[in-house]
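Descriptive analysis of the structure
Residues per chain, in single letters:
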Amino acid sequence: MVLEIGAGRGALTAELLQAGALVHAIERDQDRCAVLAKRFSREIASRMLVLHAGDALRVGPRLTGRWRVIANPPFNLTADLVRRWLLDPLGDQPEALDLVLQYEAARKLCGHDGHHTRSSVITRLAGKPWISQKLSREQVSPPSRVDLCVWSLRQVPSIPKPDELQRIDRLVGIAFAGPHSVAEALRGVATGVQIRRQASEHGWKPDEHPRTLKPVAWRSLATLLAMCGKI
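Attention in this report is confined to the structure presented alongside it. (Residues numbered from 1 in each chain as written. Predicted model: local features only at pLDDT ≥ 70, side-chain atom pairs only at ≥ 80, totals over all residues. Heavy atoms only, no water.)

**A few points about the nonpolar core**
Threshold: By convention a nonpolar core is built from buried Ala, Val, Leu, Ile, Met, Phe, Trp, Tyr and Cys residues, the set being connected through side-chain atoms within 4.5 Å. Burial here depends on accessible area, computed with a 1.4 Å probe over protein chains only, as a share of the maximum for the residue type. Under 20% is buried, over 50% is exposed, and the range in between is partly exposed. Two residues qualify as a contact provided that any one of their heavy atoms is within 4.5 Å of a heavy atom in the partner residue.
Trp-85, Trp-151, Leu-186 and Trp-218 are the most contacted members of the largest nonpolar core, which has 48 residues in total. Not counting the four nearest positions on each side in its chain, Leu-186 is found in contact with Leu-171, Ile-174, Ala-175, Ile-195, Trp-218 and Leu-221. Counting residues in each nonpolar core, the second largest holds ten residues, with Val-2, Leu-17, Ala-25 and Leu-36 among its members.

Shown next as structure tokens:
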């Protein structure tokens, strides 16, 4: 089962259906929805294609079992969409994501040791994110003004459940809110003893910037603070 975001006039939709996928496609433009409905009337009648009209951040199917996202989403919504699929899914979390993105945005979603974003902490805990293919600007229509790529994520068995990911995300949101060290950013949330102990166990320093911590360190700290009723 595949979720497609921003189906447009159906170029990718047609390829997915040809491959035998059961497709849930979301498109917010009403005129394009009409085009899709006419072009794929037979597939809609057979329920191989389910068309959802609206904003992908607000509408969508409840997908359970094995499903994935293959899409060329609106670039300005990418991080919010990825976070929704992983943090607050309507059904189960997706087992795979393959998205056509701006290259720089994809790098931020991947993150790297020493410099993580709020979203990369979540993607690294949820699975293995990587840039699976670089694309030329002419491979999309109309041609892109920026470098593009396919960003991919594969779920790992150790993926936290959505409620745990939400706790981690809240903690990281607090920590990343300003140019502070971990100790400064979490003052009032965690005690000095808790921070020093966690830092010692996971190989980071309390006076480092929060973006330098590895995702597994945030998971451990969030688990501790949740047990103490702090988050």
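**Considering the sheet that holds strand S1 (residues 2-5)**
Note the following rule: Any two strands with at least two DSSP bridges between them are considered paired. Elements are defined by DSSP. Helices are runs of H or I of four residues or more, strands are runs of E of two residues or more, and each kind is numbered from the N terminus. Here an angle of 0 to 180 degrees is reported between the N-to-C directions of two axes, which are lines fitted to C-alpha atoms, with helices fitted over the stretch in contact.
Sheet architecture is open: seven strands sit in the order S3-S2-S1-S4-S5-S7-S6, paired in mixed fashion. Across the chains shown, the open sheet's two edge strands, defined by having one partner strand only, are strand S3 (49-53) and strand S6 (127-135). Neighbour-to-neighbour, the strand axes of the sheet open up by a mean angle of 25°, direction not taken into account. With seven bridges connecting them, strand S5 (residues 96-102) and strand S7 (residues 148-155) associate as antiparallel partners. Across the sheet, Val-100 pairs through a bridge with Val-150, a residue of S7. Contacts from helix H1 (residues 11-18) reach S1, strand S2 (23-27), S3 and strand S4 (68-71), with the element oriented near 170° to S1. Helix H6 (residues 118-126) rests against S6 and S7 of the sheet, and its axis sits at about 110° to S6.

**A closer look at the environment of Val-100**
Considering the arrangement of structural elements, one finds Val-100 in strand S5. Spatially, the C-alpha atom of Val-100 lies 9.5 Å from that of Lys-134, the residues being 34 residues apart in sequence. With near-sequence residues (within four places) excluded, Val-100 lies in contact with Ala-71, Asn-72, Pro-73, Phe-75, Leu-135, Cys-149 and Val-150.

**Quick notes on the packing of helix H7 (residues 162-175) against helix H10 (residues 215-227)**
Filter applied, for reference: What sets the label is the angle itself: under 35 degrees gives roughly parallel, over 145 gives roughly antiparallel, 65 to 115 gives roughly perpendicular, and the rest give oblique. For this classification, Asp, Glu, Lys and Arg are treated as charged, while Ala, Val, Leu, Ile, Met, Phe, Trp, Tyr, Cys and Pro are nonpolar and the rest, including Gly, are polar.
Contact pair H7 / H10: the axes reach a minimum separation of 9 Å and the direction vectors enclose 100°. Accordingly, the angle class assigned to the pair H7 and H10 is roughly perpendicular. Listed contacts from H10 to Glu-164, Arg-167, Ile-168, Leu-171, Val-172 and Ala-175 of H7 are Trp-218, Arg-219, Leu-221, Ala-222, Thr-223, Leu-225 and Ala-226. Along the lines of polarity and charge, the residues of the contact of H7 with H10 split into nine nonpolar, one polar and three charged.

**Examining the pattern of salt bridges**
Operational definition: For salt bridges, the criterion is a side-chain nitrogen of Lys or Arg within 4 Å of an Asp or Glu carboxyl oxygen.
By the definition in use, this model includes nine salt bridges. Here Asp-169 ties to Arg-118 by a salt bridge, and the two come within 3.0 Å at their closest N and O atoms. Of this pair, Asp-169 sits in helix H7 while Arg-118 sits in helix H6; the two residues are 51 residues apart in sequence, bridging distant segments of the chain. Arg-118 sits in the partly exposed class, given a relative accessible area of 33%. One network of salt bridges, with partners in common, ties together Arg-68, Asp-98 and Arg-154.

**Observations concerning the packing of aromatic side chains**
Just so we agree on the cut-off: A pair of Phe, Tyr and Trp rings is counted when the ring centres sit within 6.5 Å of each other, with Trp represented by its six-membered ring. The angle between the planes then sorts it: under 30 degrees is stacked, over 60 is edge-to-face, the rest tilted. In this scheme, Lys NZ or Arg CZ marks a charge over a ring once it lies within 6 Å of the ring centre and within 35 degrees of the ring normal.
Evaluated as defined, the whole model comprises one aromatic pair. Consider the rings of Phe-176 and Trp-218, whose centres lie 6.1 Å apart with planes at 75°: the pair is edge-to-face. Of the two residues, Phe-176 is situated in the loop between H7 and helix H8 (182-185) and Trp-218 in helix H10; the sequence distance between them amounts to 42 residues. Lying over the aromatic face of Trp-130, Lys-128 brings its terminal NZ or CZ to 5.1 Å of the ring centre.

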